[in-house]
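Read off the chains here:
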Amino acid sequence: MLDYSQYGVEFLTIGFAHLIAVTSPGPDFAIVMKYSINYGKRIALLTSLGVGSAIFLHVTYALAGIGLVISTTPWLYNLLIIVASSFLLYLGFGAIRSQPVSEQKIKDSSPVRSISSKKAFLMGFLTNGINPKATLFFLALFTVVVDINTPLVIKGLYGLYMAIATAIWFCFLSLILTHKRVQHFFQANAYIFDRVMGVVMIGLALNILVNEFLL
């Protein structure tokens, strides 16, 4: 019989580290904000669920030891960096081409455009799933913070908590950004926020590339 109380300190440490990571501005925040502005509540919530679901991917490879392989195999890690940066650049350059919408469309309470539920979830999942910073975060978490003797079931519960907490945070953010009054303001200035988010994504991609290959 496991004594779950002995893992309380470990859980609190993980919870605090995850709280700092999930609320810090990054690709996840950028994609959820962009989709909240452009597509409305349903799409934003699906994107948030995609972001949260990607946590299971990180937890799985961290527990399986694949994260260690990635961190100790230069070419594989470099490939991850290039793929992640290219994805962010793709999103960023698409966003900075955003154009203003007509006043009539702004008066319409529904979003100007829409995408499929599948694409919304997938974009959220990919944005978090191939983020190298997230890879390093979970690798560090499960090798430094989590004791090697911690049972697999407890580690799995840690992962479940972080996935749920991530989804809840971004769903909460989506609800705020798609509130009727907030949504109207954002829709009126959607192309500005699109372009800002595009610059942020491009900046994040370049920062990753510079830090990994030039510094």
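Cut-offs applied
Residues numbered from 1 in each chain as written. Predicted model: local features only at pLDDT ≥ 70, side-chain atom pairs only at ≥ 80, totals over all residues. Heavy atoms only, no water. Axes fitted to C-alpha atoms, helices over the stretch in contact; angles between N-to-C directions. Helix = DSSP H or I, 4+ residues; strand = E, 2+ residues; numbered from the N terminus. Parallel < 35°, antiparallel > 145°, perpendicular 65-115°, else oblique. Left-handed = near helix turned anticlockwise from the far one by under 90°. Contact = heavy atoms within 4.5 Å. Buried < 20%, exposed > 50% of the residue type's maximum accessible area, 1.4 Å probe, protein only. Expected span 1.5 Å × (residues − 1). Nonpolar A, V, L, I, M, F, W, Y, C, P; charged D, E, K, R; others polar. Patch = residues over 30% accessible without salt bridge, like charges linked within 9 Å, V, L, I, M, F, W, Y side chains within 5 Å. Areas by Shrake-Rupley, 256 points an atom, 1.4 Å probe, with all protein chains shown as cover. Salt bridge = Lys/Arg side-chain N within 4 Å of Asp/Glu carboxyl O. Phe/Tyr/Trp six-rings, centres within 6.5 Å; stacked < 30°, edge-to-face > 60°.

Peer 1: How should the packing of helix H1 (residues 8–23) against helix H8 (residues 132–145) be read in this particular structure?
Peer 2: The description of two helices packed together rests on the angle between their axes and the distance between the axes. Where H1 meets H8, the axes come as close as 11 Å, and the angle between the chain directions of the two elements is 160°. Between H1 and H8, the crossing angle belongs to the class labelled roughly antiparallel. Between H1 and H8 the crossing geometry is right-handed. The segment H1 lies against H8, with Glu10, Thr13, Ile14, Ala17, His18 and Ala21 engaging Phe137, Leu141 and Val145.

Peer 1: Please clarify how the environment of phenylalanine 170 should be interpreted in this entry.
Peer 2: Among the secondary structure elements, phenylalanine 170 is positioned in helix H9 (residues 152–177). The buried category is assigned to phenylalanine 170, whose relative accessible area is 1%. When the C-alpha positions of phenylalanine 170 and leucine 46 are compared, they lie 9.9 Å apart, and in sequence the two are 124 residues distant. Excluding anything up to four places from it in sequence, phenylalanine 170 contacts Val22, Asp28, Phe29, Val32, Ser48 and Val51.

Peer 1: Hey, could you run me through helix H7 (residues 117–129) in this one?
Peer 2: Because each turn of an α-helix spans 3.6 residues, side chains separated by three or four positions in sequence point in the same direction. Look at H7: 18 Å from first C-alpha to last across 13 residues, which is about the 18 Å you get at 1.5 Å a residue. Within the sequence span of H7, burial applies to Ala120, Met123, Gly124, Thr127, Asn128 and Gly129. The elements touched by buried residues of H7 are helix H2 (27–39), helix H3 (41–64), helix H5 (74–95) and H8.

Peer 1: Looking at this structure, how should I read the packing of H3 against H8?
Peer 2: Between H3 and H8, the shortest axis-to-axis distance is 9 Å and the interhelical angle comes to 50°. Regarding the angle of H3 to H8, the classification is oblique. Relative to H8, H3 is oriented so that their crossing is right-handed. Contact residues: H3 offers Ile55, His58, Val59, Tyr61, Ala62 and Leu63, while H8 offers Ala134, Thr135, Phe138 and Phe142. The class makeup of the residues in the contact of H3 with H8 is 8 nonpolar, 2 polar and no charged.

Peer 1: How should I be thinking about the environment of tyrosine 161 in this particular structure?
Peer 2: Within the fold, tyrosine 161 resides in helix H9. When its relative accessible area of 32% is taken as the criterion, tyrosine 161 is described as partly exposed. For the pair tyrosine 161 and phenylalanine 11, spaced 150 residues apart in sequence, the C-alpha to C-alpha distance is 9.5 Å. Beyond its immediate sequence surroundings of up to four residues, tyrosine 161 is in contact with Phe11 and Gly15.

Peer 1: Please explain a nonpolar patch on the surface as it appears in this structure.
Peer 2: On the surface, Phe56, Val153, Leu157, Leu160, Ile164 and Ile168 cluster together into a nonpolar patch covering about 520 Å² of accessible area. Sort the elements by how many residues they give to the nonpolar patch and H9 lands first, with 5 residues. Position of valine 153 among the secondary structure elements: in helix H9. Classification of valine 153 by relative accessible area gives partly exposed; the value is 44%.

Peer 1: Help me out: how do you make sense of the packing of aromatic side chains in this one?
Peer 2: Two measures describe an aromatic ring pair: the distance that separates the ring centres and the angle between the ring planes. This model, assessed by the stated rule, comprises 5 aromatic pairs. Considering the side-chain rings of tryptophan 169 and phenylalanine 172, the 6.2 Å spacing of their centres and the 40° angle between planes classify their relative orientation as tilted. In this pair, tryptophan 169 and phenylalanine 172 are both assigned in helix H9, 3 residues apart and thus about one turn of the helix distant. Residue classification places phenylalanine 172 among the partly exposed residues on the basis of a relative accessible area of 45%. Through pairs of rings, three or more aromatic residues link up here, namely Phe11, Tyr158 and Tyr161.

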